Amino acid sequence: MADQPINILETRELSRHYGGVIALSKVTIQVRAGQISSLIGPNGAGKTTLFNCVTGLDKPTLGRVNFLGKQITGLRPDEVTGLGVARTFQNIRLFTELTVLDNVKIGRHPRTSATFVGAVFRTKRQQQEENGIKEYAEEMLKFVGLADVSNQTAGNLSYGDQRRVEIARAMATKPLLLLLDEPAAGMNPQETRDLISLIYTIRERGISVLLIEHDMKVVMQISDWVTVLDHGEKISEGQPVDVQNDERVIAAYLGTSDDA
């Protein structure tokens, strides 16, 4: 029997309470290395809260997060990024007054060794590192198809292209796992098709992907594995066709046209 893929990410009994509100309740999920996994659920299901707990933007009330078998629960966001976890956000978080290239260069800095002294005195090592940052950022913009707009102001791009800049910035950290929070939001059909192709290409580079997405056509087409949350609890998981036909999932989505 062939070896089964390892879990690159695991949450175990992960819970997050805000006073009397339970955003997550004992959620255990696994993300297999080399796969594209999706996290879905109706509005208020707890999906972004789970992303925040994984990436250090929020601290779980209970439970733990493991990345490549190592517990990362409670680490700072920069520490999580340094280990190889990158993310995009549901609401685009670009520096809109900076150029597209500068936005992506910012994503590269967690992987640099620049010091205060080097920055002030512009040492040879500092200059070499800055050149390397620029070259890698340019490579990532080419990868997402935006090399020709690198010097434009980020805020002037279309919504779909801004999302691609976010992906390029996340890729600049050289992640092993990429978390995408509603990457197809605001995209037209052609942009969505291009996004699907890009996500496949990201996996071909050896990067595992976990995405939150409200577009079920995207989820069912692209996912190797789907996990469903509802009111902070995991109600289903499995291959897309199995989840799609799960009565609990159908009931959770009944009358629901939005997702967050």
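Provided above is the structure to which this section pertains.
Throughout, residues of each chain are indexed from 1 in the direction in which the sequence is written. In view of the model being predicted, local features appear only for residues whose pLDDT reaches at least 70, and side-chain atom pairs are presented and counted only at 80 or more, with totals across whole chains, interfaces and linings using the full set of residues. Only heavy atoms go into the side-chain values, all of them from the structure, while hydrogens and water stay out.

Engineer: Can you walk me through the sheet that holds strand β2 (residues 21-32) in this structure?
Structural biologist: Hydrogen bonds between backbone groups are what pair the strands of a sheet, and the pairing can be parallel or antiparallel. We call two strands paired when DSSP finds no fewer than two bridges between them. By definition, any uninterrupted DSSP run of H or I lasting at least four residues is a helix, any uninterrupted run of E lasting at least two residues is a strand, and each is numbered from the N terminus. One open sheet accounts for four strands, arranged β2-β1-β4-β5; its pairing is antiparallel. On the outer flanks of this sheet lie β2 and β5 (70-71), each paired with one strand and no other. Bridge analysis of strand β4 (residues 62-67) against β5 gives two bridges, and the strand direction is antiparallel. Paired with Asn66 across the two strands is Gln71, which belongs to β5. By definition in these notes, contact holds between two residues if any of their heavy atoms fall within 4.5 Å. Angles here are taken between N-to-C directions and fall from 0 to 180 degrees, while the axes themselves are lines fitted to C-alpha atoms, restricted in helices to the stretch in contact. Across the face of the sheet, helix α1 (residues 47-55) comes into contact with β1 (7-18), β2 and β4 while running at roughly 115° to β1.

Engineer: Quick question: what am I supposed to make of the side chain of Ser236 here?
Structural biologist: Structurally, Ser236 is set in strand β10 (residues 233-238). Nitrogen and oxygen atoms within 3.5 Å of one another constitute a polar contact, given that in protein one can donate a hydrogen and the other can accept it, and given that sequence-neighbouring residues count only through two side-chain atoms. For Ser236, the side chain forms a polar contact with the side chain of Asp246, separated by 2.8 Å. Non-local contacts of Ser236, meaning those with residues more than four positions away in its chain, are made with Val226, Thr227, Val228, Val243, Asp246, Arg248 and Val249.

Engineer: Mind showing me how you'd approach the layout of surface pockets here?
Structural biologist: Of the grid points, spaced at 1 Å and generated over the protein atoms alone, those admitting a 1.4 Å probe that cannot get out make up cavities, while open sets with protein on both sides within 12 Å along at least five of seven lines make up pockets; any residue with an atom within 4 Å of a point is treated as lining. Grid points are joined across faces, edges and corners, and a volume is the space filled by probe spheres set on the points. In this model, the largest pocket occupies a volume close to 480 Å³. Thr81, Arg87, Phe89, Arg169 and Thr173 are the residues nearest the centre of the largest pocket, which is lined by 20 residues in total. Breaking the lining of the largest pocket down by element, the ones donating at least two residues are α2 (77-83), β6 (85-87), α3 (100-108) and α6 (159-171). In terms of residues, the lining of the largest pocket owes the most to one element, α2, which gives four residues. Ten residue types, Ala, Val, Leu, Ile, Met, Phe, Trp, Tyr, Cys and Pro, are classed as nonpolar, four, Asp, Glu, Lys and Arg, as charged, and the remainder, Gly among them, as polar. Tallied by class, residues from the lining of the largest pocket come to ten nonpolar, five polar and five charged.

Engineer: Would you mind going over unusual backbone geometry with me for this structure?
Structural biologist: One can expect most non-glycine residues to show negative phi and most peptide bonds to be in trans. The phi torsion at Leu68 lies on the positive side, around 50°, for a residue other than glycine. For Leu68, the location among the structural elements is in the loop between β4 and β5. The cut-offs for exposure are 20% and 50% of the maximum accessible area for each residue type, with area from a 1.4 Å probe on protein chains only; residues under the lower value are buried, those over the upper are exposed, and the others partly exposed. A relative accessible area of 45% places Leu68 in the partly exposed class. In this structure, His231 takes a positive phi of about 50° despite not being glycine. Here His231 shows up in the loop between β9 (225-230) and β10. Of the residues examined, His231 reaches a relative accessible area of 64% and is grouped as exposed.

Engineer: Whenever I open this one, the packing of α6 against helix α7 (residues 189-204) confuses me. Can you help?
Structural biologist: For the pair α6 and α7, the least separation of the axes is 11 Å and the interaxial angle reads 10°. By the angle between their axes, α6 is roughly parallel relative to α7. Contacts between α6 and α7 involve Gly160, Arg164, Ile167 and Met171 from the first element and Glu191, Asp194, Leu195, Leu198 and Ile202 from the second. The labels follow the angle: roughly parallel below 35 degrees, roughly antiparallel above 145, roughly perpendicular from 65 to 115, and oblique for the rest.

Engineer: Mind showing me how you'd approach the sheet that holds strand β8 (residues 208-212) here?
Structural biologist: Spatial ordering of the open sheet is given by β6-β7-β8-β3-β9-β10, a layout of six strands whose pairing is mixed. Here the strands that pair on one side only, and so sit at the sheet edges, are β6 and β10. The average angle at which neighbouring strand axes cross in this sheet is 20°, direction not considered. In this sheet, β8 lies alongside strand β7 (residues 177-181) in parallel orientation, the contact comprising five bridges. Bridge pairing in β8 places Asp181 opposite Ile212. Relative to β7, α1 is tilted by about 145°, and along the sheet it contacts β3 (36-40), β6, β7, β8 and β9. Those strands touched by α7 are β3, β7 and β8, and its axis lies near 130° from that of β3.

Engineer: I tried to follow the pattern of salt bridges on my own but got confused; where do I start?
Structural biologist: Once the charged atoms of two side chains with opposite charge are near each other, the side chains can pair. Think of a salt bridge as a Lys or Arg side-chain nitrogen and an Asp or Glu carboxyl oxygen that are within 4 Å of each other. As enumerated under the stated definition, the model contains twelve salt bridges in all. Between Glu79 and Arg76 there is a salt bridge whose closest N-O contact spans 3.1 Å. With a relative accessible area of 30%, Glu79 lands in the partly exposed category. The salt bridge involving Asp224 is made with Arg203; its shortest N-O contact spans 2.6 Å. A residue pair is termed long-range when its members are at least 10 positions apart, and Asp224 in the loop between α8 (216-222) and β9 and Arg203 in helix α7 qualify at 21 residues.

Engineer: Looking at this structure, how should I read a nonpolar patch on the surface?
Structural biologist: Patch members must show over 30% relative accessible area and no salt bridge, and they are joined within 9 Å when carrying like charges or within 5 Å when they are nonpolar side chains of Val, Leu, Ile, Met, Phe, Trp or Tyr. Using a 1.4 Å probe, the Shrake-Rupley method yields the accessible areas, and only the shown protein chains count as cover for residues. Residues Ile6, Leu68 and Leu176 make up a contiguous nonpolar surface patch of roughly 270 Å² in combined accessible area. Overall, the relative accessible area of 38% leaves Leu176 in the partly exposed class.

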